[in-house]
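Analysis of the macromolecular model
Each chain is listed here by its residues.
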Amino acid sequence: MALQCPANSPFDCVLLDLDDTLYPGGTGIGPALKRNIDEFLVARFGLAADRAASLRVELFRTHGSTLAGLIALGHDVHPDEYHSYLHGRLPYDRIAADPGLAPLLQSIPQRKILFTNSDRAHMKKALERLGVEEGCFDGVVCFETMNPHLFVQANQEDNDGLVDAGRAVVVLKPSVDAIAVALRVAGTNPHRTLFLDDNERNIAAGKALGLGTGLVGKRVRSKEADYALESIGNLRQAIPEIWGVPVGGELQIDHNVEKNNSTRADLDFIIQPTSVQA
Ligand SMILES: [Mg+2]
């Protein structure tokens, strides 16, 4: 829960990614996830293993995720079916408990929003492994939060005609729609929001919308990252401004925008809900 926000901090809110951000990359979870996707494509569509792998890569390139691609192409794949297949067999024991993480998160005085493309079940398992309570965050934005239209009951789809599964769009980072959802949940000015993520595409999308950005798991900043930190455990050293402590007497952040120049109309435009194509 939010503590008293330091008056001299440039941030009112922190958005935190989960996978490879709150725990280190290299756990093997990512490669295991890819294998499970390939196996899902083999089991569900009868593809050969090599074709499944190439399709996964192609759908990620063209649609941002395998599930997004399958749904966009008109396949009747429910997200719960997909996620339970993928995540039911992940080696969660490779996510090590991190006794310092919960106290670190609790010490962040701003609103904290967990912002992950993962589904809720995976999020809960990963947080449990890390020893972090979901209640440590002021809000959660996950797959289900970003994609309520995919969980509409079939009879509703028929009645209102809003959701045509064959044309539904899956909303995930790094899309503008996904970041807009997070900003609405956060309820803060994008220019006073810090976004921490390990993915450079996500960081670039956040920067394009005016967020402060921290690239996690890297020693060197990407072009769109205001900060780079090797691990979340380095947060206090890498971004002391969160706690209102300037580095070298100056806040080391460059939003490439005039922070005080944003009109209400600008912000409304950025966080305006965009219609989900159906
Ligand atoms: Mg990540």
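Look a little higher up for the structure.
A few points on the structure. (Residues numbered from 1 in each chain as written. Predicted model: local features only at pLDDT ≥ 70, side-chain atom pairs only at ≥ 80, totals over all residues.)

A closer look at the sheet that holds strand S1 (residues 13-16)
Reading across from one edge, S3-S2-S1-S4-S5-S6 is the order of the 6 strands in this open sheet, with parallel pairing throughout. Whereas interior strands pair on both sides, the edge strands pair on one side only; in this sheet they are strand S3 (139-141) and strand S6 (227-229). Direction aside, neighbouring strands of the sheet carry axes that sit 20° apart on average. Relative to S6, strand S5 (residues 212-216) is paired through 3 bridges, and the arrangement is parallel. Residue Leu215 lies in a different strand from S6, and its bridge partner there is Ala228. Helix-sheet contacts for helix H10 (residues 200-208) involve strand S4 (193-197) and S5, and the interaxial angle to S5 is about 170°. (Pairing = 2+ DSSP bridges. Helix = DSSP H or I, 4+ residues; strand = E, 2+ residues; numbered from the N terminus. Axes fitted to C-alpha atoms, helices over the stretch in contact; angles between N-to-C directions. Contact = placed C-beta atoms within 7 Å.)

Regarding the nonpolar core
With 62 residues, the main nonpolar core has Val14, Leu15, Ile113, Val141 and Ala182 as its most contacted residues. Both domains that meet at this core, namely domain 1 (13-24 + 97-271) and domain 2 (29-90), each give it at least three residues. Contact partners of Ile113, with chain neighbours within four places excluded, come to Cys13, Leu15, Phe137, Asp138, Gly139, Val141, Ala182, Val185 and Ala186. (Core = buried A, V, L, I, M, F, W, Y, C linked by C-beta atoms within 7 Å. Buried ≥ 20, exposed ≤ 12 C-beta atoms within 10 Å, placed from the backbone. Domains from an automatic or database assignment.)

Re helix H6 (residues 120-130)
Taken together, the buried positions of H6 are His122, Met123, Ala126, Leu127 and Leu130. Projected down its long axis, H6 carries its buried residues within an arc of 130°, all on one side. Close packing links the buried residues of H6 with helix H4 (79-87) and helix H5 (101-107). One or two residues past the end of H6 sits Gly131, with phi positive at roughly 80°. (Arc of directions from axis to C-beta.)

Remarks on the pairing of S1
Every second residue of S1 is oriented toward a common face, with Cys13 and Leu15 on one face and Val14 and Leu16 on the other, all of them buried. Pairing of S1 with strand S2 (residues 111-115), which is carried by 4 bridges, proceeds in the parallel orientation. Of the residues in S2, the one forming a bridge with Cys13 is Arg111. Relative to S4, S1 is paired through 4 bridges, and the arrangement is parallel. Among the inter-strand pairings, Leu15 is bridged to a residue of S4, identified as Phe195.

Let's talk about the environment of Asp20
Mapped onto the elements of the fold, Asp20 is located in the loop between S1 and helix H1 (29-45). You can call Asp20 partly exposed: it has 17 C-beta atoms within 10 Å. Sequence-distant contacts of Asp20, that is, excluding residues within four places in its chain, are made with Gly25, Asp198 and Gly217.

Observations concerning the packing of H1 against H4
Look at H1 against H4: their axes get within 8 Å of each other, and the N-to-C directions meet at 125°. By the angle between their axes, H1 is oblique relative to H4. Once H1 is placed against H4, the crossing between them reads as right-handed. Facing H1, whose interface residues are Leu33, Asn36, Ile37 and Phe40, H4 presents Tyr82, Tyr85 and Leu86. (Parallel < 35°, antiparallel > 145°, perpendicular 65-115°, else oblique. Left-handed = near helix turned anticlockwise from the far one by under 90°.)

Some details on unusual backbone geometry
Of note, the bond from Lys173 into Pro174 is cis; its omega dihedral lies within 30 degrees of zero at 10°. With respect to the helices, strands and loops of the structure, Pro174 is situated in the loop between helix H8 (154-160) and helix H9 (176-186). Even without being a glycine, Asp20 presents a positive backbone phi close to 65°.

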